[in-house]
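A look at the structure
Chain by chain, the residues run as shown.
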Amino acid sequence: MTTAFVLSGGGNLGAVQVGMLLALSDRGIVPDLLVGTSAGAINATYLAAGPSPARVRALARVWSQVRRSDVFPTSPRATWQALRGHSSAVLDPSPLRRLLAAQLPFRRLEDAPWPVAVVATEVTTGQKVVLTRGDAVDAVLASAAIPAVFPPVSLEGHTLMDGGVVDNAPVSVARRLGAERIYVLPTGYACALTAPPGSALGMALHAVSVAVQRRLVDEVADLQGRVDLRVAPPLCPVTVGPTDFSQTDALIDRARRSTLRWLDRPLPADQAALLGLHEHVAPVAGARGSAGVEPLAHERRQVATGGGERVEIGVDERLRPVAQRRSGVGMHVDDDGVSAGGDRCS
């Protein structure tokens, strides 16, 4: 049975996924392929070097060392340039590019020892773009290019931004690539902040995380019961602000313990209910500055969102469906996708 890990976006809460990956590794669960969006693309691509327990532990160490300036370096000059219309984003992606280049042991996605697909969004059309070939760092930067926060990335004739805009947890992509059992690792969102984020950057990042969570709820609700889907419950409550990397170790440890408990229990009938937007009915005791507090009762409500068309840039032969390998087409096209021409993007 082909097993896929689908890793959603979530900024600094990508650390939650690392705890989930440690738990899966503890139980001997290994993916045959990896699919990631935004922060999930960073984790998926790193793991594509070989999802061994040692590699997962190494990923945890990388996250433990990351600081805000490595990912979200702010500068008055860059902000002023963006406000004057001289730049499409308020942050310089160079520090993140350097971090990725230092950590990824392969240059191109198709060279990864483990099959990996990275999801981005075409800026001008809003179409989903699935990358399985090409420069690995550029692909991940495109998938993580949060609109207005990071500039879009030009790749293979496309201008790309954060994949979470159209598909934060690309379960459908894993299905089309042949996965029969799919583990979804959502980062969740900061559901128990004591106050709204105090900076423009923090507010933008929080707004994106809430918006993409809505899309994930719908996709899980639609697919559960029709595919062997296993959605690891995101942490709740989460009080960590969107630019705060100081609580990474606590988030990893808490997610590992939570996921181990989940793996030992039967799957709930409605996994989408684990993901719904909600509010906490009472203040969280000790919440300020703590990532390890216990969950309180909260109210959940399901919501609906829309989607977009899908384009694939390039095809790693390990991920190309059998029918497509036979036809020689360079891009995968199906009922909800569009072809941009195989020769141009292969």
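Residues numbered from 1 in each chain as written. Predicted model: local features only at pLDDT ≥ 70, side-chain atom pairs only at ≥ 80, totals over all residues. Heavy atoms only, no water.

Examining the overall build of the protein chain
- In terms of regular secondary structure, the protein chain is built from twelve helices and eleven strands.
- Burial status across the protein chain gives 54% buried among its 346 residues.
- Long-range contacts, defined here as pairs at least 24 residues apart, represent 76% of the contacts in the protein chain between residues at least 6 apart.
- Of the roughly 14,200 Å² of accessible surface on the protein chain, 52% is carried by carbon and sulfur atoms. (Helix = DSSP H or I, 4+ residues; strand = E, 2+ residues; numbered from the N terminus. Buried < 20%, exposed > 50% of the residue type's maximum accessible area, 1.4 Å probe, protein only. Contact = heavy atoms within 4.5 Å. Areas by Shrake-Rupley, 256 points an atom, 1.4 Å probe, with all protein chains shown as cover.)

Here we look at helix H3 (residues 53-65)
- Compared with an ideal rise of 1.5 Å per residue, which puts 13 residues at 18 Å, H3 spans 19 Å between its outermost C-alpha atoms and is within 8% of the ideal.
- When H3 is considered as a whole, its buried residues turn out to be Arg55, Val56, Ala58, Leu59, Ala60, Val62 and Trp63.
- Those residues of H3 hidden inside the fold are in contact with helix H1 (14-26), helix H2 (39-47), helix H6 (94-103) and helix H10 (248-263). (Expected span 1.5 Å × (residues − 1).)

Comments concerning the pairing of strand S1 (residues 3-7)
- Most of S1 sits out of view: five of its five residues are buried.
- The side-chain alternation of S1 yields two buried faces, one formed by Thr3, Phe5 and Leu7 and the other by Ala4 and Val6.
- Pairing analysis gives four bridges linking S1 to strand S2 (residues 33-37), with the strands arranged parallel. Considered in S2, the bridge of Ala4 is made with Leu33.
- For the handedness criterion, the β-α-β arrangement of S1, H1 and S2 is classed as right-handed. (Pairing = 2+ DSSP bridges. Right-handed = clockwise from strand over helix to strand, strands pointing away.)

Some remarks on the packing of aromatic side chains
- Within this structure, the stated rule accounts for three aromatic pairs.
- Ring centres 6.0 Å apart and planes at 20° place the aromatic pair Phe72 and Phe150 in the stacked group. Separated by 78 residues along the polypeptide, Phe72 in the loop between helix H4 (68-71) and helix H5 (76-83) and Phe150 in the loop between helix H7 (136-143) and strand S5 (153-155) bring together distant segments of the chain.
- On the accessibility criterion, Phe150 (6% relative accessible area) is buried.
- For the ring pair Phe72 and Phe245, a centre distance of 6.0 Å and an interplane angle of 50° mean the geometry is tilted. Taken as a pair, Phe72 in the loop between H4 and H5 and Phe245 in the loop between strand S8 (228-231) and H10 lie far apart in primary sequence, 173 residues in all.
- Ring pairs connect the aromatic residues Phe72, Phe150 and Phe245, which therefore count as one cluster. (Phe/Tyr/Trp six-rings, centres within 6.5 Å; stacked < 30°, edge-to-face > 60°.)

A few points about the packing of H1 against H10
- Interaxial distance between H1 and H10 falls to 7 Å at its minimum, and their mutual angle equals 40°. Considered as vectors, H1 and H10 are oriented oblique to each other. Between H1 and H10 the crossing geometry is right-handed. Facing H1, whose interface residues are Ala15, Val16, Val18, Gly19, Met20, Leu22, Ala23, Leu24 and Asp26, H10 presents Thr248, Leu251, Ile252, Ala255, Arg256, Thr259, Leu260 and Leu263.
- Residues of the contact of H1 with H10, tallied by class, amount to twelve nonpolar, three polar and two charged. (Axes fitted to C-alpha atoms, helices over the stretch in contact; angles between N-to-C directions. Parallel < 35°, antiparallel > 145°, perpendicular 65-115°, else oblique. Left-handed = near helix turned anticlockwise from the far one by under 90°. Nonpolar A, V, L, I, M, F, W, Y, C, P; charged D, E, K, R; others polar.)

With respect to empty space enclosed by the protein
- One pass over the full model with this rule turns up three cavities of 30 Å³ or more.
- There is about 490 Å³ of room inside the largest cavity.
- Lining the largest cavity are 37 residues, and of these Gly11, Asn12, Ala39, Ile42 and Trp63 sit closest to its centre.
- Elements supplying a minimum of two residues to the lining of the largest cavity: H2, H3, H6 and helix H9 (200-223).
- Ranked by residues supplied to the lining of the largest cavity, first place goes to H9 with five residues.
- Forming the boundary of the second largest cavity are twelve residues, of which Tyr189, Pro234, Leu235, Leu274 and His278 lie nearest the centre.
- Along the lines of polarity and charge, the residues of the lining of the second largest cavity split into seven nonpolar, four polar and one charged. (1 Å grid on protein atoms, 1.4 Å probe; cavity = no way out; pocket = protein on both sides within 12 Å on 5 of 7 lines; lining within 4 Å. Points joined across faces, edges and corners; volume = space filled by probe spheres on them.)

Focus on the environment of Ser38
- With respect to the secondary-structure elements, Ser38 resides in the loop between S2 and H2.
- Classification of Ser38 as buried rests on a relative accessible area of 7%.
- A sequence separation of 125 residues divides Ser38 from Gly163, and the C-alpha atoms of the two residues are 6.1 Å apart.
- Setting aside its immediate chain neighbours within four residues, Ser38 contacts Gly9, Ser143, Ala144 and Asp162.
- A distance of 2.9 Å separates the side chain of Ser38 from the side chain of Asp162, its partner in a polar contact. (Polar contact = N/O pair within 3.5 Å; in protein donor to acceptor, adjacent residues only side chain to side chain.)

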